[in-house]
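Listed below, chain by chain, are the residues.
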Amino acid sequence: MSQQKKEPVSKSVVVKKLNATRAASIYQKKWFFEMKARVENEGLDFAILNADVPMEIFRAMDIPFVVNQWWAAICGAKRMTRKYFDLMQQNGYRPDLNSYDAQALAESFDPDDHKLDEEGHPMGPWGGLPKPTICITRLTGDVQNKIYGLLAENYQADLYVMENTVARTTPLNWYELTADRWEELYDSDRLDLAVEELKELIRFLEQKTGRSFEMKKLERVMHLINEQESYYKKTRDLIAECHPVPVTVVDTINAVMQAQWQRGTEWGVQHAKGLYEEIKTLADKGEAAVPGEKLRMMWLGRGMWQDFAFYQRFEEKYGAVFMWSMYLAMGADAYIRNHVEQDPLRALAARYIGMEDFIHMPPWNSSWFVQQALQNDIDGVVYMIPDNDIQAVEGSYFIKKNLEAAGIPVLAFHADPVNPKKWNAETMTGMVEEFIEKRVIPAQKAKN
Amino acid sequence: MSIRDCALQSRAFSALKQVYDSRDAVAAAWKAQGKKVVAKLGCDVPDELVIAAGMLPIQIYADPKKTLQYTNQYLEHAFDPQVRAQFERMVDGTYQNLADYIVISNSTDIVIRVFLYLRELKRVEPQMPIPPVAFIDWLFTRHQLHQNRNQFVLNLFKQQLEAWSDHVITDEEIRQASILCNENRQALRQMAALRHGSEVRISGSEALVIIGAGLFMEKTKHTALVRQVTQEAQNWPVLTGPRVFYTGANQEDLTLYEMIEKNGLVIVGEDTDWGERSFDHDCNLEDPAIRAVADRYHFREFSAKKSLVSQRVEALDREVGACGAKGVIFYTNQYDEVATWDMPKQRKSLEAKGIRHITFGKMNWPVEKNRGLEQQLAVFAAEMKGAVL
C-alpha cells in the first residue's frame, strides 16, 4: 500500500526509539565483547580498518575487525573525547586535528585503557580495544597515512595501505548506476586497479593470518549485503513517501549505522528486515514521529554523536522533523551491487572505490542531495561542515547552490562533530531556529 | 640583508631575481610569440612532458595583496590560506590571460579539492574565466602495481598534451626534455652544494630566488643562469652564524627567510617544493621515456603530504644531516597541517642528535600577519648562537 500523502489517523506519541535501534545497540555491544574475548583468548589477529576499506574481505576470511569510525562513535558515546584530546596533546599531537579519525590513536596512548577504576569499572571504552595486529586504511586523505602509521607503531601492528584514485568520469545520476551499471559509472582502469589492489590485500591477509580466502565466501557476503541494503532502500523509500514520517533520524541513524558495520552477516540482514517491518507497521498505522509534522528537514554531514537530542529540539516548537540523513540513504543507493556471481571482486571494487566520492565529491554529492531532497519532500536543509578536516570539505558552495536552485533553503554552519569543546548547543539551536523562521517557513508558504 | 650586494652585483643573479620578482613576464612574452603556456598547481606536474609538448610550464602562485572575492564565495576556510589565494588567481581571469591551460597534480588533498572545485565550477558556471584544466592522479605508495599505474596516468596526461598542442609527442622528445630537466636539476644541486658544505656561500633567500625563478622561465635559460651564479658564488663571502634547516609550508616569497636571516641564522636547506625538494632525483635516461619520468616523481624524497610519519622522520634526519644544520625551523600555515602529524617524532629524533628546533604552527598567511613571530625567531636565534658559538 502506498503511503503517498497519507494523513495521520490518530494523534500518536512521538516515536523516540525503535526496537531496531535498541536491538542494534544491544547487539553491537554483545558482538564486541564476544569478538574481543575471542581475539584475546585465542590470540587471533585483529584488524582496525578505516571506514572505506573493503571490510567484505575480512568478513569472508573471518578475520576479526572493527571500523575506526564506528569505534570513534563508541568512544564519543562513552565520553572519552575530552580524555583523548588531552592524551593527544600530552604526546605532542595537535588535539584539534582530525579528531574523529584519531580517537583510536588517542586510545592507543592511554596507559589505563585496559584497566579498571577503583570501583571495578573499565577505564577504556568497553574495556578498550583488543590489541590490533593489522591497521589498514585507504589513502583517501593525506592524514590517513599519518594516523594509521602511528596507530600501527603504537600497537606494533602491521600497517597496510590501499591507494585511491580520482574519478574522471562523473555521471550525475550515479545513484541510478550503482546497482547494475557500475561499468558505466566508473572509469574501467580505476576498477581494474582496485581489483588488483584487492588481490594484493587478500595475499597480504593470507600471509599474515594463515587464513585462506575463498571466492564463494565473498560471494555469499556480497549477497547478504545486497539483501541488507535492499531493506534500507525499501525503508528509505517508505519514509520518503510517508506524510507524516513515522520515524526521525534519531531512530534511523543509529539503527542503520550500527548495523552497517555488521554488513555481510545474517544478523545484518535480519536487523535491516526488522527495521523495515517495524517502520512499515508504524507507517501503516499512520504513526507520526512528530504529531502535527509541518516541516521536513534534511541533515547533511556527519551524525551529531555528542548531542543527538539536537535533532529533536525543533519538533515541538515548529513541527520540524529531521527525517533524512545520509546514513540510511547511502545504504539505499550506494551499496547494492547485483550480479555479484559474475565477478565478486570487481563488484566489491565497484562498491568501495566510490564510497567517499558519493558523499564528498562534487558533483556526485550535490546531485544526489537534490534528488534525495526532492524524493523526500524536504523543506529545509541543515548542513554541518566540519571545520578541521579537509577530507570532509566537499564543495559546500555547490551543494548549497544546487539545493537552493531546486527551491530548498540551506543553513550551512561549521562545527566539529566529536569535539564537545567546540560545540555550543544554545548557539546552534538559535541558528537553526532563526533559519526555520526566516527561511524554511516562508519558503514552504511560498511553495504551497 | 638576506640578499647581499655580492649577489645583486651578479648579472646572472639579477636576471634570476628579475624573473622571480616579475613572475608573469616570461609567460606573457612566450604567449605574445604565439606559444602555449601551462600553469601548474601541485608539485608533481612533470615539466618534462610539458616541455616535450612545446609549452612553457609555470607555477601558480598566490598574490597576498589580492582580495579573495571569488575564493570566499567558492572555497571553505578549511583550505590552506595560501592555496585559497592561488585559487583566486585561477578563477578571476589571471590565468585565463596568462596561460592556455591549468594542470593540477594530486600532490596534496587540498589541491585535489581545488581540481574538483574547478571542474565543477566550469560545469555549472561555464562563464567563469578559467582555462581548460587537466589533472594528474599519481599514486605515491611505492609498490610495483602503483609504479605501473603511474605510467598509465602519465600516458593519459601525454594524450591530453597532444590534444592541446595538436602534436604527437615522441619518446625522443620526452627524452630530450628529460635531459633538459636533469641538467637543470643537476645545476641546482651544484648551487645547493654551496649551502651545504663547510663554507656556506649562498643564503637561504638567495637560494629561494635562484630556485624559484626556474618555476617561471625556460629551463635552458634557467640552467645557464644557475651555472653562472654557482660559479660566481664560489667567491662570495662565507656566511657565518648558526645553520638551520627549514621544513613546512612552501614559502613563495622571501618574507619569512629574510626574517630568519635578519636574526643571524643561516638557512642551509629546506624540504619544500619552492626549495630543494624541487630538484631532488633525476629521470633515469636508460629507462623507457615515460617510465623514466614517472619514476622520477614516484621515487623522489618523501613529501610531508604523501608519506608515513616514519618516512618523514628519516627524510628530515637525512636532509638535516646532509646540510649540516644545527637547528630546524618547523613552520605550518593554518589548515595546512598534515606535516604537524610528523613533528612530534621528528622533534624527538632531532633532539636525540642534539639538534635544536622551534615550531610555528597554525600560522597566518601571509607571513606578515603573524604578530610576535620575529621576536620568537630572535629568541631562537639567540639560543642557537649560545649553543653554537
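Treat the numbers as computed from the prediction; the structure is a model and nothing was measured.

Quick notes on the overall build of chain A
Within chain A one finds 19 helices and 8 strands. In terms of overall size, chain A behaves like a compact globule, its C-alpha atoms giving a radius of gyration of 22 Å where 448 residues would be expected to give roughly 22 Å. Overall, chain A is about 65 × 55 × 40 Å in size when its C-alpha atoms are taken along their principal axes. Among the 448 residues that make up chain A, the fraction classed as buried is 53%. Taking contacts inside chain A between residues at least 6 apart in sequence as the whole, the part at least 24 apart equals 78%.

A look at the overall build of chain B
For chain B, the count of helices and strands is 17 helices and 8 strands. By the compact-globule yardstick of 21 Å for 389 residues, chain B fits well, its C-alpha radius of gyration being 20 Å. Across its three principal axes, chain B shows a C-alpha extent of roughly 60 × 45 × 45 Å. Counting every position in chain B, which comprises 389 residues, the buried fraction comes to 55%.

Describing the sheet that holds strand E8 (residues 410–415) of chain A
Residue and element names in this part refer to chain A. Taken together, the 4 strands give an open sheet; going across it, the order is E6-E5-E7-E8, and neighbouring strands pair in parallel fashion. Both outer strands of the open sheet, strand E6 (320–324) and E8, are each paired with one neighbouring strand and no more. The mean angle between the axes of side-by-side strands here comes to 30°, regardless of whether they run parallel or antiparallel. Of the pairings in the sheet, the one linking strand E5 (residues 295–300) to strand E7 (residues 380–386) comprises 4 bridges and is parallel in character. For tryptophan 299, the partnering residue across the bridge sits in E7 and is valine 382. In this fold helix H18 (residues 396–405) packs onto E5, E7 and E8, with an angle of close to 160° to the strand it touches most, E8.

Re helix H17 (residues 364–375) of chain A
Residue and element names in this part refer to chain A. Its 12 residues place the ends of H17 16 Å apart at the C-alpha level, agreeing with the 16 Å of an ideal helix rising 1.5 Å per residue. Taken together, the buried positions of H17 are Trp364, Asn365, Ser366, Trp368, Phe369, Val370, Gln372 and Ala373. Phi turns positive, to about 50°, at aspartate 377, one or two residues after H17.

Some details on helix H9 (residues 188–209) of chain A
If you check H9 of chain A, its first and last C-alpha atoms are 31 Å apart, about what 22 residues at 1.5 Å a residue would give, namely 32 Å. On its buried side, H9 of chain A packs onto helix H2 (55–61), strand E4 (158–162) and helix H15 (344–352) of chain A together with helix H9 (144–165) of chain B. Backbone geometry just after H9 of chain A places glycine 210 of chain A at a positive phi near 80°.

Observations regarding the interface of chain A and chain B
In this complex, chain A contributes 35 residues to the contact, which on the side of chain B involves 34 residues. Considering every element that reaches the side of chain A that touches chain B, the biggest residue donor is helix H6 (residues 142–155) of chain A, with 6 residues. The residue makeup of the side of chain A that touches chain B, split by class, is 16 nonpolar, 10 polar and 9 charged.

A few points about unusual backbone geometry
Proline 363 of chain A follows proline 362 of chain A through a cis peptide bond whose omega is 10°. By the element assignment, proline 363 of chain A lies in the loop between helix H16 (355–360) and H17. Note the cis peptide between tryptophan 365 of chain B and proline 366 of chain B, where omega equals 0°. Here proline 366 of chain B is to be found in the loop between strand E8 (356–363) and helix H17 (373–388). The phi torsion at tryptophan 126 of chain A lies on the positive side, around 50°, for a residue other than glycine.

Considering the environment of cysteine 181 of chain B
All names here are of chain B. When you line up the elements, cysteine 181 lands in helix H10 (residues 171–196). By C-beta crowding, cysteine 181 is classed as buried, having 24 other C-beta atoms within 10 Å. Between the C-alpha atom of cysteine 181 and that of glycine 214, which follows or precedes it by 33 residues, the distance is 11 Å. Residue contacts for cysteine 181: discarding those within four places in its chain leaves Asp47, Glu48, Lys219 and Cys283.

Section: the pairing of strand E4 (residues 133–136) of chain B
In this structure, strand E3 (residues 101–105) of chain B lies alongside E4 of chain B, joined through 4 bridges in parallel fashion. Each bridged residue has a counterpart across the sheet, and for valine 103 of chain B the counterpart in E4 of chain B is alanine 134 of chain B.

A few points about the sheet that holds strand E2 (residues 56–59) of chain B
Residues and elements named next belong to chain B. The strand order across the open sheet built from 4 strands is E2-E1-E3-E4, with neighbouring strands paired in parallel fashion. Each edge of the open sheet carries a strand with a single partner, namely E2 and E4. The average angle at which neighbouring strand axes cross in this sheet is 30°, direction not considered.

Quick word on the confidence of the model for chain B
Scored by pLDDT, chain B comes out at a mean of 96, with 99% of its residues at no less than 70. Across the interfaces of the predicted complex, the ipTM metric reaches 0.95, alongside a pTM of 0.95.

Details of the confidence of the model for chain A
Across chain A, the average pLDDT comes to 92, with 93% of residues at or above 70. Scored below 50 in pLDDT, residues 1–15 of chain A makes 30 contacts in the model with residues more than four places away or belonging to other chains.

Focus: the packing of helix H2 (residues 11–21) of chain B against helix H12 (residues 219–233) of chain B
Residues and elements named next belong to chain B. Relative to each other, H2 and H12 sit at 135°, their axes nearing to 8 Å. Classed by the angle they form, the pair H2 and H12 counts as oblique. Classified by chirality, the crossing of H12 by H2 is left-handed. On the side of H2, the interface is formed by Ala12, Phe13, Ala15 and Leu16, while H12 contributes Leu225, Gln228, Val229 and Glu232. Tallied by class, the residues present in the contact of H2 with H12 amount to 6 nonpolar, 1 polar and 1 charged.

Re the packing of helix H10 (residues 215–241) of chain A against helix H14 (residues 326–333) of chain A
Residue and element names in this part refer to chain A. For the pair H10 and H14, the least separation of the axes is 7 Å and the interaxial angle reads 120°. In terms of orientation, H10 and H14 fall into the oblique class. In this structure, the crossing between H10 and H14 has a hand that is left-handed. Between H10, through Glu229, Tyr232, Lys233, Thr235 and Arg236, and H14, the contact on the second element is made entirely by Leu328, Ala329, Gly331 and Ala332. By residue class, the composition of the contact of H10 with H14 is 4 nonpolar, 2 polar and 3 charged.

Some points on the pairing of E4 of chain A
All names here are of chain A. Where strand E3 (residues 134–138) and E4 come together, 5 bridges link them in parallel fashion. Directly across from isoleucine 134, in E4, lies its bridge partner aspartate 158. In this region the chain leaves E3, passes through H6 and returns to the parallel neighbour E4; the handedness of that crossover is right-handed.

Rules and cut-offs
- Residues numbered from 1 in each chain as written.
- Chains lettered and ligands numbered in written order.
- Predicted model: local features only at pLDDT ≥ 70, side-chain atom pairs only at ≥ 80, totals over all residues.
- Helix = DSSP H or I, 4+ residues; strand = E, 2+ residues; numbered from the N terminus.
- Rg over C-alpha atoms; globule rule 2.2 N^0.38 Å.
- Buried ≥ 20, exposed ≤ 12 C-beta atoms within 10 Å, placed from the backbone.
- Contact = placed C-beta atoms within 7 Å.
- Pairing = 2+ DSSP bridges.
- Axes fitted to C-alpha atoms, helices over the stretch in contact; angles between N-to-C directions.
- Expected span 1.5 Å × (residues − 1).
- Nonpolar A, V, L, I, M, F, W, Y, C, P; charged D, E, K, R; others polar.
- pLDDT = per-residue confidence, 0-100.
- Parallel < 35°, antiparallel > 145°, perpendicular 65-115°, else oblique.
- Left-handed = near helix turned anticlockwise from the far one by under 90°.
- Right-handed = clockwise from strand over helix to strand, strands pointing away.

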